[in-house]
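# Notes for the structure review
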Amino acid sequence: MSKAVVSALLTTAFVIFLVVVRTTQKGHNSFRRARRLGYNRVAFDPLVEEFEENDREASDHHFLLNSLNIFLNDVHDKHEFVSQVKNLNSTMRLMVLFPLLDLDPRDGFVSLKELDHWTSQQAIQRLNYRTHKELASLDENEDGSITFTEYSAKISHPDDEAGRWEERFNKADFDNNGALSFEEFRDFLHPEDSDNEGIQKWISAEKMRRFDHDKDGKLSLVEFGDEAYDLYKTYTEFENSFVSVIGAEEKFAELDMNDDGYLNEEEIQPILHYLHPGESAYANFYTNYLIHEADENRDGVLSLTEMINNEYLFYNTVYEGIDDNVHDEF
(Lines give C-alpha, C1' and ligand atoms only; values in the text may rest on other atoms or scores of the structure.)
Protein backbone atom coordinates (compact mmCIF):
# COMPACT_ATOMS: atom_id res chain seq x y z
CA MET A 1 0.00 0.00 0.00
CA SER A 2 1.56 3.34 -1.02
CA LYS A 3 2.12 6.19 1.38
CA ALA A 4 -0.29 8.31 -0.64
CA VAL A 5 -3.06 5.78 -0.19
CA VAL A 6 -2.30 5.48 3.52
CA SER A 7 -2.35 9.26 3.91
CA ALA A 8 -5.69 9.45 2.10
CA LEU A 9 -7.08 6.70 4.31
CA LEU A 10 -5.92 8.45 7.47
CA THR A 11 -7.30 11.80 6.30
CA THR A 12 -10.68 10.26 5.48
CA ALA A 13 -10.78 8.48 8.81
CA PHE A 14 -9.94 11.69 10.66
CA VAL A 15 -12.63 13.69 8.85
CA ILE A 16 -15.23 11.01 9.59
CA PHE A 17 -14.06 10.93 13.18
CA LEU A 18 -14.80 14.65 13.57
CA VAL A 19 -18.44 14.15 12.65
CA VAL A 20 -19.18 10.79 14.24
CA VAL A 21 -21.08 10.84 17.49
CA ARG A 22 -19.67 8.10 19.67
CA THR A 23 -21.99 6.01 21.80
CA THR A 24 -19.39 4.83 24.25
CA GLN A 25 -21.57 3.30 26.91
CA LYS A 26 -23.50 0.90 24.71
CA GLY A 27 -21.89 -2.50 24.90
CA HIS A 28 -20.65 -2.31 28.50
CA ASN A 29 -23.41 -4.53 29.85
CA SER A 30 -23.13 -7.04 27.02
CA PHE A 31 -19.40 -7.30 27.40
CA ARG A 32 -19.53 -7.70 31.15
CA ARG A 33 -21.65 -10.77 30.59
CA ALA A 34 -18.91 -12.16 28.39
CA ARG A 35 -16.34 -11.41 31.11
CA ARG A 36 -17.92 -14.14 33.23
CA LEU A 37 -15.89 -16.54 31.10
CA GLY A 38 -12.42 -17.42 32.27
CA TYR A 39 -11.17 -16.79 28.74
CA ASN A 40 -11.92 -13.10 28.41
CA ARG A 41 -10.24 -11.77 25.34
CA VAL A 42 -9.78 -12.31 21.63
CA ALA A 43 -7.13 -11.04 19.24
CA PHE A 44 -8.95 -8.46 17.13
CA ASP A 45 -6.62 -5.53 16.48
CA PRO A 46 -2.99 -6.51 15.70
CA LEU A 47 -1.77 -3.08 16.82
CA VAL A 48 -3.21 -3.70 20.27
CA GLU A 49 -1.58 -7.12 20.28
CA GLU A 50 1.79 -5.57 19.49
CA PHE A 51 1.56 -3.01 22.25
CA GLU A 52 0.44 -5.63 24.76
CA GLU A 53 3.34 -7.90 23.84
CA ASN A 54 5.68 -4.91 24.24
CA ASP A 55 4.19 -4.24 27.63
CA ARG A 56 4.84 -7.82 28.74
CA GLU A 57 8.46 -7.77 27.65
CA ALA A 58 10.76 -6.19 25.11
CA SER A 59 10.74 -8.41 22.06
CA ASP A 60 11.64 -8.60 18.40
CA HIS A 61 8.56 -7.88 16.27
CA HIS A 62 9.96 -9.80 13.31
CA PHE A 63 7.50 -12.62 13.89
CA LEU A 64 4.43 -10.41 14.30
CA LEU A 65 3.30 -11.03 10.72
CA ASN A 66 -0.25 -10.30 9.64
CA SER A 67 -2.26 -8.68 6.91
CA LEU A 68 -1.70 -5.24 8.46
CA ASN A 69 2.10 -5.30 8.23
CA ILE A 70 2.23 -3.36 4.95
CA PHE A 71 -0.08 -0.71 6.33
CA LEU A 72 1.72 -0.44 9.66
CA ASN A 73 5.14 -0.27 8.03
CA ASP A 74 3.99 2.60 5.80
CA VAL A 75 2.93 4.66 8.80
CA HIS A 76 5.97 6.51 10.05
CA ASP A 77 4.82 6.62 13.65
CA LYS A 78 2.45 3.94 14.88
CA HIS A 79 1.88 6.11 17.95
CA GLU A 80 -0.24 8.53 15.91
CA PHE A 81 -3.06 6.14 16.77
CA VAL A 82 -2.12 5.48 20.37
CA SER A 83 0.35 6.70 22.96
CA GLN A 84 -0.38 3.71 25.13
CA VAL A 85 -2.80 0.81 24.75
CA LYS A 86 -5.10 2.24 27.39
CA ASN A 87 -5.38 5.50 25.43
CA LEU A 88 -6.12 3.83 22.11
CA ASN A 89 -8.55 5.73 19.93
CA SER A 90 -10.71 2.71 19.18
CA THR A 91 -13.12 4.66 16.99
CA MET A 92 -10.38 5.66 14.58
CA ARG A 93 -8.90 2.15 14.68
CA LEU A 94 -12.24 0.66 13.64
CA MET A 95 -12.42 3.12 10.75
CA VAL A 96 -8.99 2.00 9.59
CA LEU A 97 -9.60 -1.72 10.09
CA PHE A 98 -13.09 -1.83 8.55
CA PRO A 99 -11.96 -1.91 4.89
CA LEU A 100 -9.47 -4.66 5.78
CA LEU A 101 -12.30 -6.82 7.11
CA ASP A 102 -14.77 -5.96 4.34
CA LEU A 103 -13.15 -7.95 1.54
CA ASP A 104 -15.42 -10.73 0.24
CA PRO A 105 -17.40 -9.04 -1.14
CA ARG A 106 -16.33 -5.43 -0.61
CA ASP A 107 -19.86 -4.19 -0.07
CA GLY A 108 -19.65 -1.81 2.89
CA PHE A 109 -20.55 -4.49 5.43
CA VAL A 110 -18.68 -7.10 7.46
CA SER A 111 -20.29 -10.54 7.36
CA LEU A 112 -19.93 -13.40 9.83
CA LYS A 113 -17.61 -15.14 7.36
CA GLU A 114 -15.41 -12.06 6.95
CA LEU A 115 -15.20 -11.41 10.69
CA ASP A 116 -14.51 -15.06 11.46
CA HIS A 117 -11.70 -15.12 8.88
CA TRP A 118 -10.16 -12.01 10.42
CA THR A 119 -10.31 -13.14 14.05
CA SER A 120 -9.08 -16.62 13.13
CA GLN A 121 -6.07 -15.17 11.34
CA GLN A 122 -5.26 -12.94 14.31
CA ALA A 123 -5.51 -15.95 16.63
CA ILE A 124 -3.11 -17.95 14.44
CA GLN A 125 -0.65 -15.05 14.34
CA ARG A 126 -0.75 -14.82 18.13
CA LEU A 127 -0.04 -18.55 18.45
CA ASN A 128 2.83 -18.36 15.95
CA TYR A 129 4.35 -15.31 17.62
CA ARG A 130 4.33 -16.86 21.08
CA THR A 131 5.63 -20.18 19.77
CA HIS A 132 8.53 -18.43 18.02
CA LYS A 133 9.42 -16.61 21.24
CA GLU A 134 9.38 -19.79 23.31
CA LEU A 135 11.35 -21.73 20.71
CA ALA A 136 14.01 -19.02 20.54
CA SER A 137 14.40 -18.98 24.31
CA LEU A 138 14.63 -22.79 24.71
CA ASP A 139 16.53 -23.85 21.58
CA GLU A 140 19.95 -24.26 23.18
CA ASN A 141 21.80 -25.43 20.05
CA GLU A 142 19.84 -23.12 17.74
CA ASP A 143 18.89 -25.86 15.30
CA GLY A 144 15.27 -24.70 15.01
CA SER A 145 13.84 -27.58 17.02
CA ILE A 146 13.35 -28.50 20.67
CA THR A 147 14.27 -31.75 22.40
CA PHE A 148 12.68 -32.73 25.68
CA THR A 149 16.09 -32.32 27.32
CA GLU A 150 16.26 -28.71 26.13
CA TYR A 151 12.71 -28.09 27.30
CA SER A 152 13.05 -29.72 30.73
CA ALA A 153 16.40 -28.01 31.39
CA LYS A 154 14.72 -24.60 31.48
CA ILE A 155 11.13 -25.39 32.43
CA SER A 156 10.47 -27.02 35.78
CA HIS A 157 7.34 -28.96 36.71
CA PRO A 158 6.43 -30.85 39.89
CA ASP A 159 8.05 -34.29 39.98
CA ASP A 160 4.69 -36.05 39.92
CA GLU A 161 3.80 -34.27 36.64
CA ALA A 162 7.06 -34.79 34.75
CA GLY A 163 5.80 -37.97 33.13
CA ARG A 164 2.68 -36.27 31.85
CA TRP A 165 4.71 -33.50 30.24
CA GLU A 166 7.00 -36.01 28.57
CA GLU A 167 3.97 -37.92 27.30
CA ARG A 168 2.57 -34.68 25.91
CA PHE A 169 5.93 -33.96 24.26
CA ASN A 170 5.97 -37.39 22.64
CA LYS A 171 2.41 -36.98 21.35
CA ALA A 172 3.42 -33.69 19.73
CA ASP A 173 6.44 -35.34 18.09
CA PHE A 174 4.48 -36.35 15.00
CA ASP A 175 7.46 -37.70 13.04
CA ASN A 176 8.94 -39.46 16.11
CA ASN A 177 12.44 -38.06 15.59
CA GLY A 178 12.90 -37.01 19.22
CA ALA A 179 12.73 -33.26 18.54
CA LEU A 180 9.86 -30.86 17.95
CA SER A 181 9.80 -28.68 14.84
CA PHE A 182 8.09 -25.28 14.98
CA GLU A 183 4.69 -26.77 14.10
CA GLU A 184 5.11 -29.66 16.55
CA PHE A 185 6.28 -27.31 19.30
CA ARG A 186 3.21 -25.14 18.71
CA ASP A 187 1.07 -28.25 19.16
CA PHE A 188 2.94 -29.00 22.38
CA LEU A 189 2.52 -25.49 23.79
CA HIS A 190 -1.06 -25.07 22.58
CA PRO A 191 -2.58 -28.58 22.37
CA GLU A 192 -6.10 -27.21 22.34
CA ASP A 193 -5.36 -25.62 18.94
CA SER A 194 -3.74 -28.71 17.45
CA ASP A 195 -5.13 -30.91 14.68
CA ASN A 196 -2.73 -33.69 15.71
CA GLU A 197 -4.90 -36.72 16.47
CA GLY A 198 -2.47 -37.93 19.13
CA ILE A 199 -2.59 -34.56 20.89
CA GLN A 200 -6.39 -34.51 20.74
CA LYS A 201 -6.52 -37.95 22.35
CA TRP A 202 -4.09 -36.76 24.99
CA ILE A 203 -6.37 -33.81 25.80
CA SER A 204 -9.35 -36.16 26.04
CA ALA A 205 -7.44 -38.36 28.47
CA GLU A 206 -6.44 -35.33 30.55
CA LYS A 207 -10.00 -34.08 30.66
CA MET A 208 -11.26 -37.51 31.60
CA ARG A 209 -8.71 -37.63 34.40
CA ARG A 210 -9.91 -34.26 35.67
CA PHE A 211 -13.63 -35.01 35.57
CA ASP A 212 -13.50 -38.72 36.54
CA HIS A 213 -13.78 -38.37 40.30
CA ASP A 214 -14.04 -42.08 41.09
CA LYS A 215 -11.16 -42.91 38.70
CA ASP A 216 -12.98 -45.70 36.87
CA GLY A 217 -11.95 -44.39 33.44
CA LYS A 218 -15.38 -43.08 32.42
CA LEU A 219 -17.86 -40.35 33.30
CA SER A 220 -21.20 -40.99 34.92
CA LEU A 221 -24.06 -38.51 34.51
CA VAL A 222 -23.26 -37.08 37.94
CA GLU A 223 -19.57 -36.60 37.07
CA PHE A 224 -20.50 -35.08 33.72
CA GLY A 225 -22.88 -32.65 35.39
CA ASP A 226 -20.42 -31.61 38.10
CA GLU A 227 -18.08 -29.63 35.83
CA ALA A 228 -17.92 -30.78 32.22
CA TYR A 229 -21.49 -29.81 31.43
CA ASP A 230 -21.07 -26.40 33.07
CA LEU A 231 -18.11 -25.67 30.79
CA TYR A 232 -20.02 -26.87 27.75
CA LYS A 233 -23.06 -24.80 28.72
CA THR A 234 -21.05 -21.65 29.43
CA TYR A 235 -19.26 -21.58 26.09
CA THR A 236 -22.25 -22.74 24.07
CA GLU A 237 -24.39 -19.98 25.53
CA PHE A 238 -21.62 -17.47 24.88
CA GLU A 239 -21.28 -18.65 21.27
CA ASN A 240 -25.03 -18.27 20.81
CA SER A 241 -25.35 -15.01 22.75
CA PHE A 242 -26.69 -16.63 25.89
CA VAL A 243 -29.53 -18.56 24.29
CA SER A 244 -30.45 -21.49 26.53
CA VAL A 245 -28.97 -24.90 25.65
CA ILE A 246 -30.21 -28.42 26.32
CA GLY A 247 -29.88 -29.78 29.85
CA ALA A 248 -27.12 -31.99 31.23
CA GLU A 249 -29.12 -35.22 31.06
CA GLU A 250 -30.17 -34.66 27.45
CA LYS A 251 -26.65 -33.72 26.35
CA PHE A 252 -25.23 -36.73 28.18
CA ALA A 253 -27.63 -39.05 26.35
CA GLU A 254 -26.69 -37.43 23.03
CA LEU A 255 -22.99 -38.10 23.65
CA ASP A 256 -23.47 -41.64 25.04
CA MET A 257 -23.26 -43.38 21.67
CA ASN A 258 -23.16 -46.95 23.02
CA ASP A 259 -25.97 -46.31 25.55
CA ASP A 260 -24.04 -47.82 28.44
CA GLY A 261 -24.80 -44.95 30.80
CA TYR A 262 -21.23 -43.62 30.78
CA LEU A 263 -19.02 -41.42 28.61
CA ASN A 264 -15.57 -42.59 27.53
CA GLU A 265 -12.70 -40.54 26.08
CA GLU A 266 -13.94 -40.99 22.52
CA GLU A 267 -17.47 -39.93 23.38
CA ILE A 268 -16.41 -36.58 24.86
CA GLN A 269 -14.45 -35.70 21.70
CA PRO A 270 -17.38 -33.80 20.06
CA ILE A 271 -17.44 -31.24 22.89
CA LEU A 272 -13.71 -31.11 23.58
CA HIS A 273 -13.34 -27.62 22.12
CA TYR A 274 -15.92 -26.43 24.66
CA LEU A 275 -14.20 -28.12 27.59
CA HIS A 276 -10.87 -26.39 26.88
CA PRO A 277 -11.18 -23.92 24.00
CA GLY A 278 -7.99 -22.70 22.38
CA GLU A 279 -7.28 -19.45 20.59
CA SER A 280 -8.97 -20.57 17.36
CA ALA A 281 -12.06 -22.05 19.01
CA TYR A 282 -12.51 -19.00 21.18
CA ALA A 283 -12.09 -16.70 18.19
CA ASN A 284 -14.96 -18.57 16.54
CA PHE A 285 -17.12 -18.31 19.68
CA TYR A 286 -16.37 -14.63 19.97
CA THR A 287 -17.10 -13.91 16.32
CA ASN A 288 -20.61 -15.29 16.69
CA TYR A 289 -21.03 -13.28 19.87
CA LEU A 290 -19.83 -10.05 18.23
CA ILE A 291 -22.15 -10.40 15.26
CA HIS A 292 -25.17 -11.05 17.47
CA GLU A 293 -24.43 -8.25 19.93
CA ALA A 294 -23.34 -5.53 17.49
CA ASP A 295 -25.85 -6.22 14.70
CA GLU A 296 -28.38 -3.59 15.75
CA ASN A 297 -30.76 -3.93 12.80
CA ARG A 298 -30.53 -7.74 12.72
CA ASP A 299 -29.61 -7.96 9.04
CA GLY A 300 -26.84 -10.48 9.70
CA VAL A 301 -23.93 -8.15 8.85
CA LEU A 302 -22.13 -5.26 10.55
CA SER A 303 -21.86 -1.72 9.26
CA LEU A 304 -19.07 0.61 10.36
CA THR A 305 -21.59 2.57 12.42
CA GLU A 306 -22.70 -0.58 14.25
CA MET A 307 -19.11 -1.50 15.04
CA ILE A 308 -18.35 2.00 16.35
CA ASN A 309 -21.55 2.00 18.41
CA ASN A 310 -20.37 -1.23 20.03
CA GLU A 311 -16.64 -0.60 20.15
CA TYR A 312 -16.38 -1.93 23.71
CA LEU A 313 -17.11 -5.39 22.35
CA PHE A 314 -14.16 -5.22 19.97
CA TYR A 315 -11.70 -3.55 22.31
CA ASN A 316 -12.35 -5.47 25.52
CA THR A 317 -8.70 -5.42 26.62
CA VAL A 318 -8.56 -1.64 26.37
CA TYR A 319 -11.68 -1.00 28.44
CA GLU A 320 -11.72 -3.95 30.80
CA GLY A 321 -8.04 -4.73 31.37
CA ILE A 322 -5.86 -7.68 30.49
CA ASP A 323 -5.92 -11.18 31.93
CA ASP A 324 -3.02 -12.99 30.31
CA ASN A 325 -3.47 -16.18 32.30
CA VAL A 326 -5.84 -17.72 29.78
CA HIS A 327 -3.87 -20.87 29.08
CA ASP A 328 -3.68 -22.45 32.51
CA GLU A 329 -2.29 -25.88 31.86
CA PHE A 330 -4.80 -28.57 32.80
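Throughout what follows, the structure given in this document is the object of discussion. (Residues numbered from 1 in each chain as written. Predicted model: local features only at pLDDT ≥ 70, side-chain atom pairs only at ≥ 80, totals over all residues. Heavy atoms only, no water.)

The helix and strand inventory of the chain stands at 17 helices and four strands. The buried share of the chain, taken over its 330 residues, is 47%. Residue pairs in contact within the chain that sit at least 24 positions apart in sequence constitute 68% of those at least 6 positions apart. (Helix = DSSP H or I, 4+ residues; strand = E, 2+ residues; numbered from the N terminus. Buried < 20%, exposed > 50% of the residue type's maximum accessible area, 1.4 Å probe, protein only. Contact = heavy atoms within 4.5 Å.)

On to the pattern of salt bridges, then. This structure, assessed with the given rule, holds ten salt bridges. Measuring nitrogen to oxygen at the nearest pair gives 2.5 Å for the salt bridge that ties E206 to R164. With E206 in helix α10 (residues 197–211) and R164 in helix α8 (residues 162–172), this residue pair connects regions lying 42 residues apart in the sequence. According to the relative accessible area criterion, R164 is buried, its value standing at 18%. The closest approach of N and O atoms between R209 and E206, which form a salt bridge, is 3.2 Å. Here E206 and R209 lie together in helix α10, a separation of three residues that amounts to about one turn. (Salt bridge = Lys/Arg side-chain N within 4 Å of Asp/Glu carboxyl O.)

Moving on to the nonpolar core. Judged by nonpolar contacts, the single largest core of 40 residues is most densely connected at F44, L101, L115, F224, L302, M307 and F314. Ranked by residues supplied to this core, first place goes to helix α14 (residues 279–294) with eight residues. Setting aside residues no more than four positions away along its own chain, L115 makes contact with F44, L101, V110, T287, L290, I291 and L302. With 16 residues, the next largest nonpolar core counts L138, Y151, F185 and F188 among its residues. (Core = buried A, V, L, I, M, F, W, Y, C linked by side-chain atoms within 4.5 Å.)

The subject of this paragraph is the packing of aromatic side chains. Where two aromatic rings form a pair, the distance of their centres and the angle of their planes describe that pair. One pass over the full model with this rule turns up 17 aromatic pairs. Three or more aromatic residues link up through ring pairs in this structure, and these residues are F224, Y229, Y232, Y235, F252, Y274 and F285. The ring of F188 carries the charged tip of R168 above its face, separated from the ring centre by 5.2 Å. Its end group placed over the ring of Y262, K218 keeps NZ or CZ at 4.1 Å from the ring centre. (Phe/Tyr/Trp six-rings, centres within 6.5 Å; stacked < 30°, edge-to-face > 60°. Lys NZ or Arg CZ within 6 Å of the ring centre and 35° of its normal.)

Over its 15 residues, α10 extends 21 Å from the first C-alpha to the last, a length consistent with the 21 Å expected when each residue adds 1.5 Å. For α10, the complete set of buried residues consists of I199, Q200, W202, I203, S204, E206, K207, M208 and F211. Between a side-chain oxygen at the N-terminus of α10 and the backbone nitrogen of G198 the separation is 2.7 Å; the capping residue is N196. (Expected span 1.5 Å × (residues − 1). Polar contact = N/O pair within 3.5 Å; in protein donor to acceptor, adjacent residues only side chain to side chain.)

Right, let's talk about the environment of V245 for a bit. Among the secondary structure elements, V245 is positioned in the loop between α11 (221–239) and α12 (248–255). When sequence neighbours within four positions are dropped, the list of residues in contact with V245 reads Y229, K233, T236 and E237.

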